[in-house]
Every structure is written in C-alpha cells, then in structure tokens.
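# Understanding the architecture of this molecule
Residue strings, one per chain:
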Amino acid sequence: MNFNSYLSLFIFLLSFSSVYAQEEDISKIPPCGVREFGPTAWLREFQTNPSAFSHLRGNNEMLQLPMTIHIIGQTDGSGYFSRAELQVAICKLNSDFEEHNIRFFIQGNLIYHNNTSWYNHASFNIGNLMYNSTKVAGTMNIYIDNNAAGNCGYATLGGDRIFLKKSCIRGPSTTTWSHEMGHALSLPHTFSGWEDTTYDPTQPTPSVVFRGNSPVNVERVDGVDCVNAADGFCDTEPDYLSARWNCNANGESPTILKDPFNVEFRVDGTLIMAYSNDACAAVFSPQQVAAMRANIQTTKGDMVYSGSLPEFETPTTVNIAPTQDQEVLNVNILIEWEPVEFAAAYIVEVSRFLDFTIKEFEAQVTTTSVTIPTLVANRNYFYRVMPINNSDFCTSFSTSTRFRAVIQTSTSEAAGSSFSIYPTLLNGTEFMTISGRLNRSINVTFDVLDLQGRVLSSTEKFLVAGPLSETLYVGSLPKGMYIMRINSGEGISALKFLVP
Ligand SMILES: [Zn+2]
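A quick note: this is a predicted structure, and the numbers were derived from the prediction, not measured. (Residues numbered from 1 in each chain as written. Predicted model: local features only at pLDDT ≥ 70, side-chain atom pairs only at ≥ 80, totals over all residues. Heavy atoms only, no water.)

### Observations regarding the overall build of the protein chain
Let me state the cut-off plainly: Secondary structure follows DSSP: runs of H or I at least 4 residues long count as helices, runs of E at least 2 residues long count as strands, and numbering of each begins at the N terminus. Each radius of gyration reported is based on C-alpha atoms, and the globular scaling rule is 2.2 Å times the count of residues to the power 0.38. To sort residues, take the accessible area from a 1.4 Å probe on protein chains only and compare it with the maximum for the residue type: under 20% means buried, over 50% means exposed, and anything in between is partly exposed. We call two residues in contact when some of their heavy atoms are within 4.5 Å. Accessible areas in this description were obtained via Shrake-Rupley with a 1.4 Å probe; residue shielding takes into account the shown protein chains only.
Across its full length, the protein chain holds 7 helices and 26 strands. The globule rule puts the C-alpha radius of gyration for 500 residues at 23 Å, and the 32 Å found for the protein chain is more than 25% above it. In the protein chain, which comprises 500 residues, the proportion classed as buried is 48%. Sequence-distant contacts in the protein chain: of pairs separated by 6 or more residues, those separated by 24 or more amount to 65%. Looking at the protein chain as shown, the accessible area adds up to about 22,800 Å², and 51% of this sits on carbon and sulfur atoms.

The structure is reproduced here in structure tokens:
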C-alpha cells in the first residue's frame, strides 16, 4: 500500500466516523409531542354513538389519502431528507396500514422550504407558524425536518398536520410516522392522561390522572368503564407508560404495573399508539382501525381519492452502462439503465463505496440516462438507480455496478519505451506534454486521430534517449474524444484525450 492509499483510507475512515457522529440515538429522543389527551369530541361521539357511523364503507374498501410532503432544509438549502429515504419511510407507513385498506400517496411535487428556524424548530409555536403559512388544504401536510419541537414527531389529533424529525423516520423499521398518522386520524395515546406523568410502581395507582385541572380516568384491567378511561378504546388494554420503553420477548413491558384496584398487568407493546420502541410497535387494534377509517370518511371525506394509483410490476431497474468493471473516461460519464413501467422519475447515485454512505453524485431525472460532468480519475466507483413515482414507495435500488474512471494522464508502453500525455482534457490549450522515457535515441511520429481512425495531424520528432518531456502542438480541435497515436518504429501506443 503506497502513501496515497493510506491517505485515502484515512480520509475514508475520517468521513465514515463523522457520518456516524452525526447520527442521533433516537431511543433518547421523546417519541412524540402530542399533549392533547383523551378522545376528541369527534372520537367521543364515534365511541359512544357507533350507529351514527354505520353507513360508512366497510373495512375491505380501500381509502386513499393524499399527502403534501414538506421537506425542510436549513436556510442554505442543506439538510434535506432525501427522496430515496422518503421512499423507504412511506413504504413502511403504507405497510403498517395496508391490511386496514388505508393507503397514502404524494399529491403534487415535494415542497422544499429553506428555513433554519423551521428546520430546527424547538417550539410548537414555530410549527404552527410553518403550517399556517405553507399548508396545502385538502391534503395531509407532512413536515420533515431536523427537530420536531424536541420530539421524534407530533401531530394534531384528528387534524391534517404531522411534524417528523428526519432521524426518527429513517429506515425500514421505524414507526414514528405511523404513530403520528394514528394521531392525525384521531387516535390518542394508549396511555392517554399519563403524558408528562411518570408511573411509579411503588405507589398506589390513582383512579384519575390530571393534566392541569382536567381529569382522565385511569383504565382498569377488568375493562369496566373502559370507554370512559384513557383513550376510550376497550380493545387497548391499560397502559401508563409515557416514556420510551423496550419490550420483553412477549412484546410486553418488562415492568409489572398495578391498576387502581391493585391488579397486576404488563403493558402491550405491540400497539403503535403506545411508547414501546420501534422493535415492538407494530399494530393498531380493531377499534382503533375502525375509528381511523371513520375519521377519514367523515372529517377528511373530501380528501379521499378513489381513482387508481400506479403500482410497479417490478420495483427496481437494471443497469446498462457502464458495465461491470468497464473503464470509462472520467469526464461526461454516461450512466444508463432500463426503463421501468410507471416510473415517474429515477434516483441515480454514484459512490466510491458499496454502501453509498458518501455519494460523489446523486440526481433525480425523468430520463433513463444521466451524464456526470466529471469524476476523479483512476478510481473505482459504484452506481445504482431507483425508480420512483408518487404512489408506490416500495421500490429499491438496482444491483450496483462497479466501473473505473480513467485517464487524466494516460500511460502506455511500446517497445520498451513508455509515454504519457498531459493534459488529457485539453481545455483551452492547443499544446500537450509528452513525457516518459526512451531506451535509445529515435524518430517518433505523433498522430492525432479521431474516433473513426482518421489522422487529423501528424508530427515527427527526433528524440534523444533518456527522460522525455516534449511539448507538442496539436492545433485547435472541435469538441470530442481523440487518440494520440505514438509510433516509435518499434511499437505503437494509443492514448485517449478529450476536448471538452
Ligand atoms: Zn404520540
């Protein structure tokens, strides 16, 4: 390993560690900022007067809701949650709602806002301001930023706004978005009333918890009066845990709790509306589902879209060019892939690393090819492509292909002599330097050829043995790729160069 290799390894490790230093431990972040507790008036009506909702569509009918995605960046435009990450996050959201025939899609383009105070917003007031000045009526407004008022997310119960901290929705197994969507579709926490109150197993459990002067009945294990306690749902069991917690092997709280009658129980951690961590939260109860479907069809009835939304037959594409291990010139690199039916656009990524943590190039295009202006030469790169549209999010990147970008300087050997040309990118100059070493003094011919093999100019020089550094006039050439053919009489070298 030479010094440069050590140096690039060092830079690689440095960048790698800095990437990880920026990652937050989301288990340390409060899961949710919702502080409205107990059922809203609408949910209370649904829970106590179900016959008023019996006309609604049955569970097997699909309900499709449009979302406006607001991507918040810093004022300088940095910090966006990427489109590829969004793809994974909405795929997870939709998979949590799939069996309940509720589906979310993006309406219109993503909306980008560059505002550092919104990006890092620490108070609900700023969130309200952001919503009031940017909301798109008739859609669920989703704000993705770097701080959701100190929480992983928050939402308005039964409303049309959701705020999400980007690190809490990253990856295929996070449940923050589904939890906040549950709120927006009317669901309180399963531990409703205990927000900001810490349950103490060593103390008797009260029959009522307060927020300010508002009392909420504490739910009992026997389920008596469950409709008037906590979240008002009788198929979500008692839960008093209002800080993030991890499940035991049975998906329950490791802590044994006692209800107001001293009956012991463990909390069900599989419910998405509890504060159990992402590894255990997975489901909504049947009554929660019924409430969400009813909420969509009543308060959000105008939003429901009944048209058909395109879904991919094949969720990925196949790379065409460059091919595996192909050497390509390091300027104007053409990346090409196969079209996929229903793709509205493609995300293209190029990285020196197979895990793509650091990207040399990324783009979103509506074509099936893209040209990269330049890459550092004499290095290997990987590229991959993902098809996207606004309704099917469970797509994936193509299998990545490795290629090598070559020749800023190319070297060739012929008959014991070696030659290099420099620069290989003739930008505004008509001269080129030939360097290398000659084993003996000799007449050498330098021909400039186009890619069809036509000789455009020819220069003969007598060169003396030893180290070589010779300036060669090649003239004014139109844009394109050319070949410098060097004929020493004992062998021929062909070196590519480009006029950009
Ligand atoms: Zn919540």
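### Some details on the environment of phenylalanine 104
Its place among the elements puts phenylalanine 104 in strand β2 (residues 102–106). Considering only alpha carbons, one finds phenylalanine 104 and threonine 116, 12 residues apart in sequence, at a separation of 28 Å. Once residues lying within four places of it in the same chain are set aside, the contact partners of phenylalanine 104 are Leu65, Met67, Leu93, Asn94, Phe97, Met181, Leu185 and Phe393.

### Thoughts on the sheet that holds strand β11 (residues 319–321)
To keep things clear, this is the line we draw: At least two bridges found by DSSP between two strands is the condition for calling them paired. To obtain an axis, a line is fitted to C-alpha atoms, over the contacting stretch when the element is a helix, and the angle between two such axes runs from 0 to 180 degrees between their N-to-C directions.
The strand order across the open sheet formed by 3 strands is β11-β13-β16, and the pairing between neighbours is antiparallel. For this open sheet the edge positions go to β11 and β16 (369–374), each flanked by a neighbour on one side alone. Each strand of the sheet is rotated relative to its neighbour by a mean of 30 degrees, with strand direction disregarded. Note: strand β13 (residues 331–337) against β16, 5 bridges, orientation antiparallel.

### Concerning the coordination of the zinc ion
Applicable threshold: Ligating atoms shown are N, O and S within 2.8 Å of the metal, or 3.2 Å for Na, K and Ca, and water is not included, meaning a site may look less than complete. Just to be clear on the cut-offs, tetrahedral is four donors with all angles between 85 and 135 degrees, square planar is four donors and octahedral six with opposite donors over 155 degrees apart and all others between 65 and 115, and anything else goes down as irregular.
Taken together, Cys32 (SG), His179 (NE2), His183 (NE2) and His189 (NE2) make up the protein donors of the zinc ion, found 1.9 to 2.2 Å from the metal. Around the zinc ion sit 4 donor atoms, and with donor-metal-donor angles ranging over 99 to 120 degrees the site reads as tetrahedral. Sequence spacing among the residues donating to the zinc ion works out to C-x146-H-x3-H-x5-H. Remark: histidine 179 occurs in helix α6 (residues 176–184) and cysteine 32 occurs in the loop between α1 (3–22) and α2 (41–48); sequence separation between them is 147 residues.

### Regarding the nonpolar core
We count it as follows: Buried residues of nine kinds, namely Ala, Val, Leu, Ile, Met, Phe, Trp, Tyr and Cys, make up a nonpolar core once their side-chain atoms join them within 4.5 Å.
Counting 46 residues, the largest nonpolar core has Met67, Ile69, Ile142, Ile144, Trp177 and Met181 as the members making the most contacts within it. Of all the secondary-structure elements, those providing two or more residues to this core are α2, β1 (63–73), α3 (83–97), β2, β4 (140–145), β6 (161–165), α6 and α7 (286–298). It is α3 that contributes the most residues to this core, 6 residues altogether. Ignoring any residue separated from it by four or fewer positions in sequence, one finds methionine 181 in contact with Met67, Leu93, Phe97, Phe104, Met140, Ile142 and Ile162.

### Some words on the packing of aromatic side chains
Short version of the rule: Note on ring pairs: Phe, Tyr and Trp rings are taken, using the six-membered ring of Trp, and paired if centres are within 6.5 Å. Classes follow the plane angle, with under 30 degrees stacked, over 60 edge-to-face and the rest tilted.
Considering all chains together, one arrives at 20 aromatic pairs under this definition. For the ring pair tryptophan 42 and phenylalanine 46, a centre distance of 5.7 Å and an interplane angle of 5 degrees mean the geometry is stacked. On the criterion of helical spacing, the pair formed by tryptophan 42 and phenylalanine 46 is a turn pair, its members being 4 residues apart in helix α2. Taking relative accessible area as the criterion, phenylalanine 46 reaches 14% and is therefore assigned buried.

### Side note on the sheet that holds strand β15 (residues 359–365)
In a beta sheet, neighbouring strands pair by backbone hydrogen bonds and run either parallel or antiparallel. The mixed open sheet is built from 5 strands, whose spatial order is β12-β18-β17-β14-β15. Whereas interior strands pair on both sides, the edge strands pair on one side only; in this sheet they are β12 (326–329) and β15. Direction aside, neighbouring strands of the sheet carry axes that sit 30 degrees apart on average. Sheet topology places β12 next to strand β18 (residues 401–406); 4 bridges connect them, and they run parallel. Each residue of the ladder has a partner; that of leucine 329, found in β18, is valine 406. On top of the sheet, α3 reaches β14 (345–351), β15 and β17 (379–388); it is set at about 50 degrees to β17, its chief contact.

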